[in-house]
Amino acid sequence: MDFDYSGKTRDLIARLDAFMDAHVYPAEDARHDFVIDPANLWQEWPGLAALKDAARTAGLWNLFLPHEYGAFSPGLTNLEYAPLAEIMGRVPWSSEVFNCSAPDTGNMEVLAKYGSPAQQAQWLTPLLEGKIRSAYVMTEPQVASSDATNLEMSIVADGDDYVLNGRKWWISNFMHPATTLLLVMGKTDFDAPRHAQHSTIIVPRDTPGITVVRHQRVFGSLNSPGGECELRFDNVRVPKENLILGEGRGFEIAQGRLGPGRIHHCMRSIGQAQRALEIMARRVDSRVAFGKKIADQSSIRQDVAKGFCEVEMARLLTLKAADRMDKVGNKDARDLIAAIKVVAPRMAQEVCDRAIQAHGGMGVSDDTPIAEFFTINRFVRIADGPDEVHMSQLGKQKIREYVAMNEGGPR
Ligand SMILES: Cc1cc2nc3c(=O)[nH]c(=O)nc-3n(C[C@H](O)[C@H](O)[C@H](O)COP(=O)(O)OP(=O)(O)OC[C@H]3O[C@@H](n4cnc5c(N)ncnc54)[C@H](O)[C@@H]3O)c2cc1C
């Protein structure tokens, strides 16, 4: 493994850092004040469009797409993308400035990998251009959706169409004013083997029959402008050509989608933990309690040291996972992807927890971004598969491997 950044990556890191310094960090307060104002609910902060134009012009666009895709992407490997995603993670909304925001990134990868030429022309091109946004519609309220074989939404063929019926919840980005595309997972064959029952289908957001049942709050926040929604689908009709890849291929698509998406979340978590440590250091260095700087308290120094060790460990594990994905593919790197998906958000949550404590009352406010980082990393431990599910699969794989290693007798 060679974790030295290539010349290409070093150049992109310098340009991205410069862009963040010039345009993103200075806009944080204005963007925050806009999105928390109830009068602006479900509206995008007006400053975003100019930042997206500037990023596109600067060639800092679609950096996530891990292979050449025409004129739209610089074609980075996962290893090359990792430090860039970490930088964007320092300001969670900034991924969108560079067209690198979930859930669009995963949806673009699905369409790039599995979409038909017509599907790509209609939906992938405007996504890659940053003209539209999208949602991924999988989780259902009435079944344990961490086991995706439980999903019950029915997708039934009827003439030239498919008709969808069922319930969904926790659908991120549904409310975003630019969202026009939904990628929906449901069942096309209730009698097929368990992993061949589901399919993924394109549903335009304004298709009749889709109702918002309620807006869900995450730790009290509506997460405007994207939001999280509970939805009902009543006889939602779309043409048959909207099916991606074919009936029964939903699991294959979900697997292909989630590998890169998971590691992107982890890279951003590391950026948040790193920034929380930096903000914490500045705070404790500037405040005095009981006659000395808070930074001079041993327990505070240990918290910063612990944070440094944890961030470094998680960063190295992420780079190793990214390197394996590049060398052997997402499937064979699944153990490392699972490992980092469990390690990175928990680590970031704990680092942020200590940074909150070191700020006193200010730590739980929105005067710093740390409280938001804490809540993001808390829910990332559930979204894209809860920790326990990754650990269960990882543990099963490792037991099998370790047993096989000793088949000739214990070493
Ligand atoms: C903020 C947020 C945004 C989200 N965005 C989206 C989105 O855009 N689109 C979408 O489709 N979904 C989205 N989700 C949903 C998310 O992916 C699911 O919540 C997640 O997959 C878990 O499914 P569930 O909620 O049904 O939990 P369940 O399946 O009911 O699981 C509950 C708990 O059971 C335990 N458990 C489950 N399996 C095991 C096991 N094998 N071993 C031990 N314990 C286990 C775990 O502790 C787990 O957390 C989002 C969720 C959140 C919180």
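Given the structure is predicted, the values throughout are model-derived calculations rather than measurements.

Trainee: I would appreciate a short explanation of the overall build of the chain in the present structure.
Mentor: Per the secondary structure count, the chain includes eleven helices and ten strands. A burial count over the chain gives 53% of its 411 residues as buried. A separation threshold of at least 6 residues defines the contact pool for the chain, and within that pool the share at least 24 residues apart is 72%. Counting only carbon and sulfur atoms, one obtains 54% of the accessible surface of the chain, whose full area is about 18500 Å². Taking the 47 positively charged and 53 negatively charged side chains of the chain as two groups, their mean positions are separated by 4 Å.

Trainee: For this particular structure, what's the right way to read the nonpolar core?
Mentor: In a soluble, globular protein the nonpolar side chains are often hidden away together inside. Ranked by internal contacts, the top residues of the largest apolar core, which has 65 residues, are Tyr81, Leu84, Trp93 and Phe98. Among the elements that line this core, the one with the most residues is helix α4 (residues 78-89), at seven residues. In this view, phenylalanine 98 contacts Leu16, Phe19, Met20, Val24, Ala55, Leu60, Trp61, Asn62, Leu63 and Met88; residues no more than four positions away in its chain are not counted. Counting residues in each nonpolar core, the second largest holds 22 residues, with Ile155, Leu182, Cys229 and Phe233 among its members.

Trainee: Can you help me understand the domain arrangement of the chain in this one?
Mentor: Accessible area lost when the parts come together is the quantity often used to give the size of an interface. We note that the domain assignment places domain 1 (7-128), domain 2 (133-248) and domain 3 (251-405) within the chain. Computed over C-alpha atoms only, the centres of domain 2 and domain 3 are separated by 30 Å. In this assembly, 13 residues from domain 2 lie in contact with ten residues from domain 3. Of the roughly 1000 Å² buried at the junction of domain 2 and domain 3 (both faces included), carbon and sulfur atoms supply 80%. Interface area lost by domain 2 to domain 3 is led by Tyr136, Ser146 and Phe219, which between them contribute 42%. Taken together, domain 2 and domain 3 are joined by zero residue pairs in polar contact (both at pLDDT 80 or more). Considered class by class, the residues forming the side of domain 2 that touches domain 3 number seven nonpolar, five polar and one charged.

Trainee: Before we go on, may I ask you to explain a negative patch on the surface in this structure?
Mentor: Residues Asp29, Asp33, Asp37, Asp366, Asp367 and Glu372 make up a contiguous surface patch of negative charge. Tracing the backbone through its elements, the reader meets glutamate 372 in helix α10 (residues 370-380).

Trainee: Help me out: how do you make sense of the site of the ligand in this one?
Mentor: If you check the shell around the ligand, you find 20 residues, and the closest are Tyr136, Met138, Thr139, Ser146 and Trp170. For the ligand, an oxygen atom lies 2.5 Å from a polar atom in the side chain of serine 146. One of the side-chain N or O atoms of glutamate 388 is found 3.1 Å from an oxygen atom in the ligand. Protein burial of the ligand: of its 980 Å² of free accessible surface, 69% is covered by the chains. At the level of elements, β1 (133-137), β3 (161-172) and α11 (387-405) are the ones that each hand at least two residues to the shell around the ligand.

Trainee: Mind showing me how you'd approach unusual backbone geometry here?
Mentor: Among all residues except glycine, the phi angle is most often negative; among peptide bonds, the trans geometry is most common. Cis geometry is adopted by the peptide bond preceding proline 103, which originates at alanine 102 and carries an omega value of 0 degrees. Inspection of the secondary structure puts proline 103 in the loop between α4 and α5 (104-114). Across the junction of serine 224 and proline 225, the peptide omega takes the value 10 degrees, indicating a cis bond. Among the secondary structure elements, proline 225 is positioned in the loop between β6 (210-216) and β7 (228-239). Its identity as a non-glycine residue notwithstanding, leucine 245 has a phi of 70 degrees, on the positive side. Counting through the fold element by element, leucine 245 comes out in the loop between β8 (243-244) and α7 (250-285).

Trainee: How should the environment of serine 392 be read in this particular structure?
Mentor: When you line up the elements, serine 392 lands in helix α11. Sequence-wise, serine 392 and alanine 338 are 54 residues apart; in three dimensions their C-alpha atoms are separated by 9.7 Å.

Trainee: So what exactly am I meant to see when it comes to α10 here?
Mentor: Owing to its 3.6 residues per turn, the α-helix brings residues three or four apart onto one side. For α10, every residue scored as buried is listed here: Ile370, Ala371, Phe373, Ile376, Asn377 and Val380. The elements touched by buried residues of α10 are α7 and α9 (334-358).

Trainee: What exactly am I supposed to notice about α9 here?
Mentor: Here α9 is 25 residues long and its end C-alpha atoms lie 36 Å apart, about the 36 Å a rise of 1.5 Å per residue gives. Burial runs high along α9: 19 of the 25 residues are buried. Phi turns positive, to about 60 degrees, at glycine 360, one or two residues after α9.

Trainee: Even after reading the chapter, I still don't get the packing of α4 against helix α8 (residues 298-328), so can you show me in this structure?
Mentor: Helix packing geometry: the angle between the two helix axes and the distance between the axes. Running from N to C, α4 and α8 cross one another at 145 degrees; their axes reach a closest spacing of 8 Å. For the pair α4 and α8, the contacting residues are Asn78, Leu79, Ala82 and Glu86 in the first and Arg315, Leu319, Ala322, Asp323, Met325 and Asp326 in the second. Here the residues of the contact of α4 with α8 are counted per class, giving five nonpolar, one polar and four charged.

Trainee: Please explain a positive patch on the surface as it appears in this structure.
Mentor: There is a patch of like positive charges on the surface, built from Lys331, Arg334, Lys396 and Arg400. Mapped onto the elements of the fold, arginine 334 is located in helix α9. Exposure remark for arginine 334: the relative accessible area of 41% places this residue in the partly exposed category.

Trainee: Would you take a moment to explain the pairing of β1 for this structure?
Mentor: Within a regular strand, side chains alternate between the sheet's two faces. Summarising burial for β1: five of the five residues are buried, a large majority. With burial as the criterion, each face of β1 is covered, one bearing Arg133, Ala135 and Val137 and the other bearing Ser134 and Tyr136. In this sheet, strand β4 (residues 179-187) lies alongside β1 in parallel orientation, the contact comprising five bridges. The residue bridging arginine 133 from the neighbouring strand is threonine 179, located in β4.

Calculation notes
- Residues numbered from 1 in each chain as written.
- Predicted model: local features only at pLDDT ≥ 70, side-chain atom pairs only at ≥ 80, totals over all residues.
- Heavy atoms only, no water.
- Helix = DSSP H or I, 4+ residues; strand = E, 2+ residues; numbered from the N terminus.
- Buried < 20%, exposed > 50% of the residue type's maximum accessible area, 1.4 Å probe, protein only.
- Contact = heavy atoms within 4.5 Å.
- Areas by Shrake-Rupley, 256 points an atom, 1.4 Å probe, with all protein chains shown as cover.
- Lys, Arg positive; Asp, Glu negative; His and termini not counted.
- Charge placed at Lys NZ, Arg CZ, Asp CG, Glu CD.
- Core = buried A, V, L, I, M, F, W, Y, C linked by side-chain atoms within 4.5 Å.
- Domains from an automatic or database assignment.
- Buried area = accessible area lost by both parts, 1.4 Å probe.
- Polar contact = N/O pair within 3.5 Å; in protein donor to acceptor, adjacent residues only side chain to side chain.
- Nonpolar A, V, L, I, M, F, W, Y, C, P; charged D, E, K, R; others polar.
- Patch = residues over 30% accessible without salt bridge, like charges linked within 9 Å, V, L, I, M, F, W, Y side chains within 5 Å.
- Salt bridge = Lys/Arg side-chain N within 4 Å of Asp/Glu carboxyl O.
- Near = heavy atom within 4 Å.
- Expected span 1.5 Å × (residues − 1).
- Axes fitted to C-alpha atoms, helices over the stretch in contact; angles between N-to-C directions.
- Pairing = 2+ DSSP bridges.

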